Amino acid sequence: MKKIYLLTIVGISLMLASCGHGGQGELVGAYNRKFKNDRIPLGMVYIPPGHTPLGGSDEDITFSQNGPSRMVTISAFFMDQTEISNAEYRQFTNWVRDSIAIAMMGNPQQFMMTPKGNAAAAVGGDKFIDWKKVGPNGANIWRNKGRGGAGAQASQLDGMYYSGLDALPGKKEFDVRKFEYTYAELNMEKAALGHKDPNSKRQDYIDRYTVAIYPDTMVWKTDYSYSQNDPMVRGYYNHPSYDDYPVVGVSWEQAKAFSHWRTKLYDGVATARKLPVGSRSDYRLPAETEFEYAARGGNTKTKYPWGGPYIRNTKGCLQANFKPGRGDYSSDGGIYTVGVKSYFPNDYGLYNMAGNVSEWTITAYNKGASPLLHDLNPNFTYDAGAADSKYKKRKVVKGGSWKDTGYFLQNAVATYEYQDTQRSYIGFRCVSSYPGTDLRR
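Residues numbered from 1 in each chain as written. Predicted model: local features only at pLDDT ≥ 70, side-chain atom pairs only at ≥ 80, totals over all residues. Heavy atoms only, no water.

Going by the annotation in an unreviewed UniProt entry, the name recorded for the protein is Gliding motility-associated lipoprotein GldK, with Pedobacter soli given as the source organism.

Student: For this particular structure, what's the right way to read empty space enclosed by the protein?
Tutor: Over the atoms rolls a probe the size of a water molecule, and in doing so it shows where empty space is left. In the structure shown here, the tally under the stated rule is 3 cavities of 30 Å³ or more. Within this model, the largest cavity holds a volume of roughly 310 Å³. Glu288, Thr289, Lys367, Ser370 and Leu373 are, among the 24 residues lining the largest cavity, the residues nearest its centre. Secondary structure elements with two or more residues in the lining of the largest cavity: strand S3 (70-74), helix H10 (288-295), strand S10 (358-364) and strand S11 (394-398). Sort the elements by how many residues they give to the lining of the largest cavity and H10 lands first, with 3 residues. (1 Å grid on protein atoms, 1.4 Å probe; cavity = no way out; pocket = protein on both sides within 12 Å on 5 of 7 lines; lining within 4 Å. Points joined across faces, edges and corners; volume = space filled by probe spheres on them. Helix = DSSP H or I, 4+ residues; strand = E, 2+ residues; numbered from the N terminus.)

Student: Mind showing me how you'd approach the layout of surface pockets here?
Tutor: Of the voids in this model, the second largest pocket is the one considered here, and its volume is about 770 Å³. What lines the second largest pocket is a set of 23 residues, and nearest its centre among them are Glu173, Phe174, Val176, Tyr214 and Asn238. Residue assignment for the lining of the second largest pocket shows that the elements contributing at least two residues are helix H2 (86-104) and helix H8 (230-235). Among the elements that line the lining of the second largest pocket, the one with the most residues is H2, at 4 residues.

Student: Sorry if this is basic, but what is going on with the environment of Asn229 here?
Tutor: Looking at where Asn229 falls in the secondary structure, it is placed in the loop between helix H7 (219-222) and H8. Its relative accessible area of 3% is what places Asn229 among the buried residues. In the structure, Asn229 is positioned 11 residues away from Met218 in sequence and 9.4 Å away in space, judged by C-alpha atoms. Not counting residues up to four positions away in its chain, the partners in contact with Asn229 are Trp220, Tyr224 and Tyr336. (Buried < 20%, exposed > 50% of the residue type's maximum accessible area, 1.4 Å probe, protein only. Contact = heavy atoms within 4.5 Å.)

Student: Help me out: how do you make sense of the sheet that holds strand S12 (residues 414-418) in this one?
Tutor: Sheet strands line up and pair through hydrogen bonds in the backbone, either parallel or antiparallel. Read across the sheet, 4 strands follow the order S12-S11-S10-S13 without closing on themselves; strand pairing throughout is mixed. Looking at which strands have only one partner, the edges of the open sheet turn out to be S12 and strand S13 (426-427). Across 2 bridges, the pairing between S10 and S13 is parallel. Note that in S13 the partner of Ser358 across the bridge is Ile426. (Pairing = 2+ DSSP bridges.)

Student: Before we go on, may I ask you to explain unusual backbone geometry in this structure?
Tutor: Where the residue is not glycine, phi is negative for most of them; where a peptide bond is considered, it is trans in most cases. The phi dihedral of Asn137 is positive, around 55°, even though this residue is not glycine. Inspection of the secondary structure puts Asn137 in the loop between helix H3 (131-134) and helix H4 (139-146). Taking relative accessible area as the criterion, Asn137 reaches 59% and is therefore assigned exposed. Look at Lys301: it is not a glycine, yet its phi comes out positive at around 55°.

Student: Help me understand the pairing of S10, please; the structure alone is not making it clear to me.
Tutor: Look at any regular strand and the pattern is simple: side chains alternate between the two faces of the sheet. The buried fraction of S10 amounts to 7 of the 7 residues, a majority that puts the element mostly inside the structure. Across 3 bridges, the pairing between S10 and S11 is antiparallel. Residue Ala364 lies in a different strand from S11, and its bridge partner there is Lys395.

Student: Sorry if this is basic, but what is going on with the nonpolar core here?
Tutor: Soluble, globular proteins show a tendency: their nonpolar side chains are buried together. In this structure, Tyr89, Phe92, Ile141, Tyr181, Ile213 and Phe428 are the most contacted members of the largest nonpolar core, which totals 56 residues. Here this core takes 6 residues from H2, the largest share from any one element. When residues of this core are sorted by domain, at least three fall in each of domain 1 (51-85 + 244-440) and domain 2 (87-176). Among the nonpolar cores identified, the runner-up in size contains 15 residues, and Val72, Phe77, Ala295 and Val431 belong to it. (Core = buried A, V, L, I, M, F, W, Y, C linked by side-chain atoms within 4.5 Å. Domains from an automatic or database assignment.)

Structure below.
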């Protein structure tokens, strides 16, 4: 009797175990590794999903061709709290500079992640640099090595500097033309059109880029005739006083390359820490509708990001950095750009969604496309090639800048610039789609 009892208990246990693990042919699912997706990325704010009217306002100018007001639904996403600053973009240019230098050296392994434990990091065959070994601002590469120091390593890095007649006497300066970032990405528009073609290959939908990523500091001269802006050319990007000012002189193509690098940077750290690669959505430029939706701060049909219908607050203070009146640039607190956390943020906690610098979006400028756009996450994109017409290279710019009049600060107003053009009044910020429905639920 005792043996029968024991056999019964064992049989029930096996049956329960089998059912729990799908051993009886039950559908239990193949789950990916779980992780918490309730963490807001550093320096970003959460923009909740919503259904709201976008476009149009009570003020317009002739032939502006701004889109009509329409109801749209926007999915949740994260957005940079501020414009990308000089210091943040410099992390990118330094990364590219030091990566090129390490590749040029005879013993690059001394700066690579060592293959032990969670430091064995590789994504798609890429080996990751251990930036702790490189040191702040590449100190361990360039100190007494890349700056004319003795030894073979110094001569290996001579190609990183201006030389011959390009060099100024007595100065050793980096040849920033060599700061190129190479990357590839899947073109979703091409893939959507041709992926069912039996003769197509995946490589047909992969776009490959090599982008010179150093900002064009000469925009402070070329954007203005007969204006003394030489100090801005020399100091704006590199002087510590401007570290927390928005980066300018960056084209749409460079901003897009930065977004790709930022994703790769996070994925490299995630792999080293044994987190799922792709556990966070890619960084990218915002769509025009996402930018306008975020600028409104959760309010409906507001004229400006701060919510009210006026550019001045109740105390008579200007609420953004722009060109007041007939050109009194200083009356708003800044003659050129100002720090990225100047003025009060909007109700989502976003700074300078109007004024300071205009900002690139991922959206192609074609107002004729407006009636064709879907009411769920509407957007129109076109990544023009070098041989395309200049009209296909126009990208939507939002927010107005320090040199624009008040009209361009309105949430609904958009202008454009060519994707390969750099300006002293255009910067950018990134977004990242939220991997779920709503962070608050």
